[in-house]
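A closer look at the structure
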Amino acid sequence: MRRRLRVPIVMALGLLVALAAAAAFSGAEVSFRSAERDGARVAEVLIGERPVIVLRTSAAGYTPLERAEIVANRLRTAMASEIQVDDVKVGSVPSGQGLYIRDQLVVAVYQTEAEAHGATPAALAGLWRDNILLALGHEVPEESAPPAAETAPQEGAEEGPEEGAEAAPPTAQEVPEGGAAEEAAAAAEMEAEPEEVDWTGTAQKWVPIFSLEREGARVGMAQVAGPTDQIDQVKGVYQLRLDFKSIGRVYAYVPVSTISTKLNRVQGVSVWALADIKVLGF
Amino acid sequence: MTAKRMIALVAAVALLGLGLAAVNGWAISLGDVLKVGGVALLVSQYDDQIDSFITSALGEREAAAKGATKVVPILSLGGGGYVGAAQVVGSPENVSRVKAVVQVEGRFGSGRAQLLVPTTIDKAAGTPDRAKGVGVSAVIEFQI
């Protein structure tokens, strides 16, 4: 009897460890919010509970909050794989400095933004780089580490130490050019007209849905509907949990054609019904 | 005499209220009233922001829906109140007609089942009129 139970117990423990590890890795969530500092309305980008970037000015036709949203999305993408200290660097962009993770521009720092913080673009970009590294649990090189007060939420990125940012900024050759254009292109992308997709089909199908949340793991089924050709491609539904500011929890449902880490969305298909059961509580 | 009249009036109003609640099958509490009002307010205040937040978050994962989207309140069938919000997706002309998503939810032990019906009406009265060519792409729970 005991030997019979051993296998399922070991499997359950293994699953528990894997799920706990997954939950731990997803712990540092990126979010953004509007906040007030020194009597002015600013937008903050946070990793976990820590504000790492504070935006005070508009750029490329976007408000600070809209810029924070773009920056947060870029950080989320960059954090999909582990970030090393050397991955986060400061480089030149036309009319300013850029903060890069690997070769991807995270945020461009222009003169107006830097002036609003009472710093130079290089100093501010360097401070934000250090804030990101600290929020990710990395050691910041001593000569470029910001004093503790400057990383506190109320102090934030207001007084970037110039010597810190100048410690090791890569040259313009080390990072791609055209950061500002890239940011403007990304912003324009958000406003791009959607392609025409047939959403009028009513073929239906039940597919598995899997979600992993902090409260536990749930498995279940989702009923998807759409044109027959698209429905045939659907293999499952991924549920993504996103936090909207501190007031809402968003559960996004993505019908996918493959069960993999990449979301291959099947267009023209939407969710009509959901049924799930909690299989594991944390 | 005046005091007696006052007591009678209060009792009559209370009975009338209880009677109405019983007829409509409502379980009224101050918390419910505040929550329903709060959700309606949040949806009207943040619908565009939530819509663009979801779209851009999915866009970063190359999983955004290529269609029109809109955030509308979720009405709980039977409860008659707003319980959250949903992002609906579909063709632009159909999405523009959607006023709410009617939710029918059932719970069984640790399991739950949800039917989500985009409708062109904003009251959970009678049979929901399903908006054709529109589906739900995200559900938003407010922390009230």
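Predicted, not measured: the structure shown is a model, and the values here were computed from it. (Residues numbered from 1 in each chain as written. Chains lettered and ligands numbered in written order. Predicted model: local features only at pLDDT ≥ 70, side-chain atom pairs only at ≥ 80, totals over all residues.)

Let's talk about the overall build of chain A
Let me state the cut-off plainly: Helix and strand definitions here come from DSSP, where helices need a minimum of 4 consecutive H or I residues and strands a minimum of 2 consecutive E residues; each element is numbered from the N-terminal end. Field definition: a residue is buried when 20 or more other C-beta atoms are found within 10 Å of its C-beta, exposed when 12 or fewer are, and partly exposed for counts in between, with C-beta atoms placed from the backbone. A pair of residues counts as a contact when their C-beta atoms, built from backbone coordinates, are within 7 Å of each other.
When its secondary structure is counted, chain A shows seven helices and eleven strands. Across the 282 residues that make up chain A, the buried fraction comes to 37%. Pairs at least 24 residues apart make up 60% of the contacts formed inside chain A by residues separated by at least 6 positions.

Topic: the overall build of chain B
When helices and strands are counted, chain B shows three helices and five strands. Reading the helices (α) and strands (β) of chain B from amino to carboxyl end gives α-α-β-β-α-β-β-β. Expressed as a percentage of the 144 residues in chain B, the buried residues total 35%.

Structural notes on the interface of chain B and chain A
Filter applied, for reference: Each residue gets one label: Ala, Val, Leu, Ile, Met, Phe, Trp, Tyr, Cys and Pro are nonpolar, Asp, Glu, Lys and Arg are charged, and the others, such as Gly, are polar. A strand pair is defined by DSSP finding two or more bridges across the two strands.
Contacts between the two partners involve 37 residues from chain B and, on the opposite side, 33 residues from chain A. Of all elements in the fold, only helix H2 (30-60), strand E2 (82-90), strand E4 (111-119) and strand E5 (134-142) of chain B reach the threshold of two or more residues within the side of chain B that touches chain A. Top element by residues in the side of chain B that touches chain A is E5 of chain B. It accounts for nine residues. Looking at the side of chain B that touches chain A, its residues break down into 19 nonpolar, eleven polar and seven charged. Looking at chain direction, strand E10 (residues 248-256) of chain A and E5 of chain B are connected through five bridges and run antiparallel.

Observations regarding the sheet that holds strand E1 (residues 30-37) of chain A
Residues and elements named next belong to chain A. Note the cut-off: Axis angles are defined between N-to-C directions and span 0 to 180 degrees, where every axis is a line fitted to C-alpha atoms and, for a helix, only to the segment in contact.
The three strands lie next to each other as E1-E2-E3, forming an open sheet whose pairing is antiparallel. Two strands close off the open sheet at either side, each with one partner strand: E1 and strand E3 (50-55). Taking each pair of neighbouring strands and ignoring which way they run, the sheet shows an average axis angle of 35 degrees. Sheet analysis places E1 next to strand E2 (residues 40-47), joined by eight bridges and oriented antiparallel. When the sheet's bridge partners are listed, Glu-36 is paired in E2 with Arg-41. Docked against the sheet, helix H2 (residues 64-78) engages E1, E2 and E3, running at close to 5 degrees with respect to E2.

Some details on the environment of Ala-273 of chain A
Here Ala-273 of chain A lies in strand E11 (residues 270-281). Residue class for Ala-273 of chain A comes out partly exposed when judged on the 18 C-beta atoms lying within 10 Å of it. Remark: the alpha-carbon pair of Ala-273 of chain A and Ala-225 of chain A, spanning 48 residues in sequence, is separated by 9.5 Å. Discounting chain neighbours no more than four positions away, the residues touching Ala-273 of chain A are Gln-223 of chain A together with Gln-114, Leu-115 and Leu-116 of chain B.

Comments concerning the nonpolar core
As a reminder, the rule being used: What we call a nonpolar core is a set of buried Ala, Val, Leu, Ile, Met, Phe, Trp, Tyr and Cys residues whose membership is set by joining through C-beta atoms within 7 Å.
Core analysis: the biggest nonpolar cluster contains 50 residues, and Val-271 of chain A together with Ala-86, Val-88, Val-101 and Ile-140 of chain B have the highest contact counts within it. The element contributing the most residues to this core is H2 of chain B, with eight residues. Core analysis: the second largest hydrophobic core is formed by 38 residues, Val-45, Leu-99, Ala-108 and Leu-127 of chain A among them.

Quick word on the sheet that holds strand E5 (residues 96-101) of chain A
Within a sheet, each strand pairs with its neighbour through backbone hydrogen bonds, oriented either parallel or antiparallel. Residues and elements named next belong to chain A. Spatially, E4-E5-E6 is the arrangement adopted by the three strands of the open sheet, whose pairing is antiparallel. Each end of this open sheet is capped by a strand with a single partner; those strands are strand E4 (88-93) and strand E6 (104-110). The mean inter-strand angle of the sheet, taken between neighbouring strand axes irrespective of direction, is 30 degrees. In this sheet, E6 lies alongside E5 in antiparallel orientation, the contact comprising six bridges.

Brief notes about the confidence of the model for chain B
Note the cut-off: Per residue, pLDDT captures the predictor's confidence, and it can take any value from 0 to 100.
The share of residues in chain B with pLDDT of 70 or more is 65%, and the mean pLDDT across the chain is 72. Every residue in residues 9-29 of chain B is under pLDDT 50, and counting partners more than four places away or in other chains gives two contacts.

Observations regarding unusual backbone geometry
Residue and element names in this part refer to chain A. Backbone geometry at Arg-102 places phi at a positive 55 degrees, although glycine is not the residue there. Here Arg-102 is to be found in the loop between E5 and E6. What makes Arg-102 partly exposed here is the crowd of 14 C-beta atoms within 10 Å.

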